[in-house]
Amino acid sequence: MAATGPGSGPDHVADPEAIKRHHTLFRAARRRKNPPLRRSDITITDEAAVKRAVKAASLGNAMEWFDFGIYSYLAVTIGHVFFPPGNDTAQLLSSFATFAVAFLVRPIGGMVFGPMGDRLGRKKVLALTMIMMAIGTFAIGLIPSYATIGFWAPVLLIFFRLVQGFSTGGEYGGASTFIAEYAPDKRRGFFGSFLEFGTLAGYTGAAGLVTVLTAWLGSDAMEAWGWRIPFLVAGPLGLVGLYLRLRLDETPAFQKLESGNVRASEAADTVETTAKGDLAKIFRQYWPTLILCIALVGAYNVTDYMLLSYMPTYLSDELGYSETHGLLILLGVMVCLMAVINQAGRLNDHFGRKPLLMAGMLGFFFLSLPSFLLIKQGSIPAIAAGMLMLGLSLVCLLGTMSAALPALFPTNVRYGSLSVGYNLSASLFGGTTPLVITGLISITGNNLMPAYYSMAAALIGIITVACMKETAKQPLTGSPPSGETKEEAAELVAAQTPGPRF
């Protein structure tokens, strides 16, 4: 028999004839390496605990994206308040550049908070990111204007945007990991969809508050002082989110990993049973999956930020709509998406993650141009129809991503790997989307550039989804199977017992 290296399995090193001759011996070796599951290996989820975890992660996520969304919907006002007067386009570009600045530090936040979450636990790090986001957003509401302190106004704005971006670097990876590790294998898509329900709720809350204030106060009062109110609301909201997160227990998958109770099986390799989250290890051992994650998140983020962040600005700057009208239409679209997003979660549990992701990417590829041609017509029904076409494509991605992405990486490096991959991609492609689109329209004079940019992103997404493995109804890599009932656990154990042979 040939010599073996570390981690080599017997089937990979032995001659096929030897395997035939010594079938029983090799089968015993395989069983030793991957022992069959016992009933005690399978996690039985507590539905009440799962719902508490989903609620806290989703509400916390909603508050984070409320904070982040405020800036998007006040981009024009912030440009006027914090940057030198003169050219409106230059002010808007400066505002969007400052929006993008927060995304530059998101990968750094992911590299700090991600491995920390793998070492110390998901709960503590998620509480820390909540505090930092609330402080950063609240502080922006206190910064004096450019007319008052000049150069220091944009400097302070950029600094607190960096605080926001740094904290967000640990948010999505942690929150999606938290829900994925709590949820039973067969319903991970459904429970995961609540995370993006929280994202939409945060954006909707931000857009709703900005719309009400703008309609109530008027543009002049809004620019003078009213814009501060949504930022200042972030302080008490952050305390509520912190309270919810600190009340939770650590995820069952992390608890088993930390206690060393995870046994090797076909669903959980022995090599993946350490709780040491090592950044170098992520880049060294998981770089192919990291690239897959970056490409998938890049395609998703371009379409997400194009619709949910940039669209009100597009309607007001390119089509001449009032800011209130643009936000009201987007609000209607987001409420529609919130109504169906959990159904997208159920569908990806039933049909698989890949079919739903592919449907979303194909939707953006084929419908972006027709949607923007409709939007350009300018009537409210045409704009609503165009945005709804894009929204239904987006909801296929929103309802699936939070279950698909955590399943890419094993438990011991899941928070770190997902935070690094997600935030590198969000930094390169997500936060720069409004800036890039505004710049492209300015250079080319073609206000269909958002459609072309979205189609290019969707094409990358189609290729990436085709390269993915299906993970629906399967245990998370590096974790034992998770079921809802004792009967389900018994079925899992029985399923691996070979039937009688005659």
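Placed above this text is the structure.
Residues numbered from 1 in each chain as written. Predicted model: local features only at pLDDT ≥ 70, side-chain atom pairs only at ≥ 80, totals over all residues. Heavy atoms only, no water.

## Re the overall build of the protein
- Regarding its fold elements, the protein presents 23 helices and two strands.
- When contacts within the protein are restricted to residue pairs at least 6 apart in sequence, those whose partners lie at least 24 apart make up 84%.
- Only carbon and sulfur atoms are counted for the fraction: they give 65% of the accessible area of the protein, which is about 20200 Å². (Helix = DSSP H or I, 4+ residues; strand = E, 2+ residues; numbered from the N terminus. Contact = heavy atoms within 4.5 Å. Areas by Shrake-Rupley, 256 points an atom, 1.4 Å probe, with all protein chains shown as cover.)

## Regarding the nonpolar core
- Counting 114 residues, the largest nonpolar core has Tyr73, Phe82, Met311, Phe372, Met387 and Leu405 as its most contacted members.
- At 15 residues, helix α16 (residues 287-317) tops the list of elements feeding residues into this core.
- Each residue touching Leu405, except ones within four places of it in the same chain, is listed here: Tyr172, Cys293, Leu296, Val297, Leu418 and Tyr422. (Core = buried A, V, L, I, M, F, W, Y, C linked by side-chain atoms within 4.5 Å. Buried < 20%, exposed > 50% of the residue type's maximum accessible area, 1.4 Å probe, protein only.)

## Quick word on the packing of helix α12 (residues 188-226) against helix α19 (residues 380-404)
- Interhelical geometry of α12 versus α19 gives an angle of 120° and a closest axis separation of 7 Å. Of the possible angle classes, the one that applies to α12 and α19 is oblique. Of the two possible hands of crossing, α12 and α19 adopt the one that is right-handed. Taken together, the residues of α19 that come into contact with α12 (itself represented by Arg188, Gly189, Gly192, Ser193, Leu195, Glu196 and Leu200) are Leu398, Gly399, Ser402 and Ala403. (Axes fitted to C-alpha atoms, helices over the stretch in contact; angles between N-to-C directions. Parallel < 35°, antiparallel > 145°, perpendicular 65-115°, else oblique. Left-handed = near helix turned anticlockwise from the far one by under 90°.)

## Overview of the packing of helix α18 (residues 353-376) against helix α22 (residues 449-467)
- In the contact formed by α18 and α22, the axes pass within 8 Å of each other and the chain directions differ by 160°. Relative to α22, α18 is oriented roughly antiparallel. With respect to the hand of their crossing, α18 and α22 are arranged in left-handed fashion. Contacts from Lys354, Leu357, Met358, Met361, Leu362, Phe364, Phe365, Ser368, Leu369 and Phe372 of α18 reach α22 at Pro450, Ala451, Tyr452, Ser454, Met455, Ala458, Leu459, Gly461, Ile462, Val465 and Ala466.

## Digging into the environment of Gly169
- As for its position among the elements, Gly169 is in the loop between α10 (152-168) and α11 (171-182).
- For Gly169, a relative accessible area of 0% puts it in the buried group.
- Here the alpha-carbon distance between Gly169 and Leu104, two residues 65 residues apart in the chain, equals 9.9 Å.
- In contact with Gly169, not counting residues within four places along its chain, are Arg106, Gly109, Gly110, Ser419 and Asn423.

## Observations concerning the pattern of salt bridges
- This model, assessed by the stated rule, comprises three salt bridges.
- Of the charged contacts in the structure, one is a salt bridge between Arg188 and Asp185, with a shortest N-O distance of 2.5 Å. Each member of the pair, Arg188 as well as Asp185, is classed as buried.
- Here Arg353 makes a salt bridge to Asp349, at a shortest N to O gap of 3.0 Å.
- Residue classification places Arg353 among the buried positions, given a relative accessible area of 1%.
- Residue classification places Asp349 among the buried positions, given a relative accessible area of 7%. (Salt bridge = Lys/Arg side-chain N within 4 Å of Asp/Glu carboxyl O.)

## Remarks on α18
- Compared with an ideal rise of 1.5 Å per residue, which puts 24 residues at 34 Å, α18 spans 33 Å between its outermost C-alpha atoms and is within 8% of the ideal.
- In the structure, α18 departs most strongly from a straight axis at Leu367, where the bend amounts to approximately 50° and where the proline Pro370 lies between one and four residues downstream.
- When α18 is considered as a whole, its buried residues turn out to be Arg353, Leu356, Leu357, Gly360, Met361, Gly363, Phe364, Ser368, Ser371, Phe372 and Ile375.
- Note on α18: the residue one or two positions beyond its end, Gly378, has a positive phi of about 95°. (Expected span 1.5 Å × (residues − 1). Bend = angle between axes of the 7 residues up to and from the residue.)

## Concerning a nonpolar patch on the surface
- A cluster of nonpolar side chains, contributed by Leu128, Ile131 and Ile135, occupies part of the molecular surface with about 240 Å² of accessible area.
- Here Ile135 lies in helix α8 (residues 122-140). (Patch = residues over 30% accessible without salt bridge, like charges linked within 9 Å, V, L, I, M, F, W, Y side chains within 5 Å.)

## What to know about the environment of Lys123
- Turning to its location among the elements, Lys123 is positioned in helix α8.
- Since its relative accessible area comes to 22%, Lys123 is described here as partly exposed.
- Residues Lys123 and Gly174, spaced 51 residues apart in sequence, show a C-alpha to C-alpha distance of 8.3 Å.

## Quick word on the side chain of Ser368
- Among the secondary structure elements, Ser368 is positioned in helix α18.
- Only 3.0 Å separates the side chain of Ser368 from the side chain of Ser454, close enough to count as a polar contact. (Polar contact = N/O pair within 3.5 Å; in protein donor to acceptor, adjacent residues only side chain to side chain.)

## A look at the packing of aromatic side chains
- Applying the stated rule across the entire model yields 12 aromatic pairs.
- Aromatic pair Phe194 and Phe197: ring centres 6.4 Å apart, planes at 55°, arrangement tilted. In this pair, Phe194 and Phe197 both sit in helix α12, three residues apart, roughly one turn of the helix.
- By relative accessible area, which is 28% here, Phe197 ends up partly exposed.
- A connected cluster of aromatic rings, assembled from ring pairs, spans Phe190, Phe191, Phe194 and Phe197. (Phe/Tyr/Trp six-rings, centres within 6.5 Å; stacked < 30°, edge-to-face > 60°.)

## A short note on helix α5 (residues 75-82)
- The buried fraction of α5 amounts to seven of the eight residues, a majority that puts the element mostly inside the structure.
- When α5 is considered as a whole, its buried residues turn out to be Ala75, Val76, Thr77, Ile78, Gly79, Val81 and Phe82.

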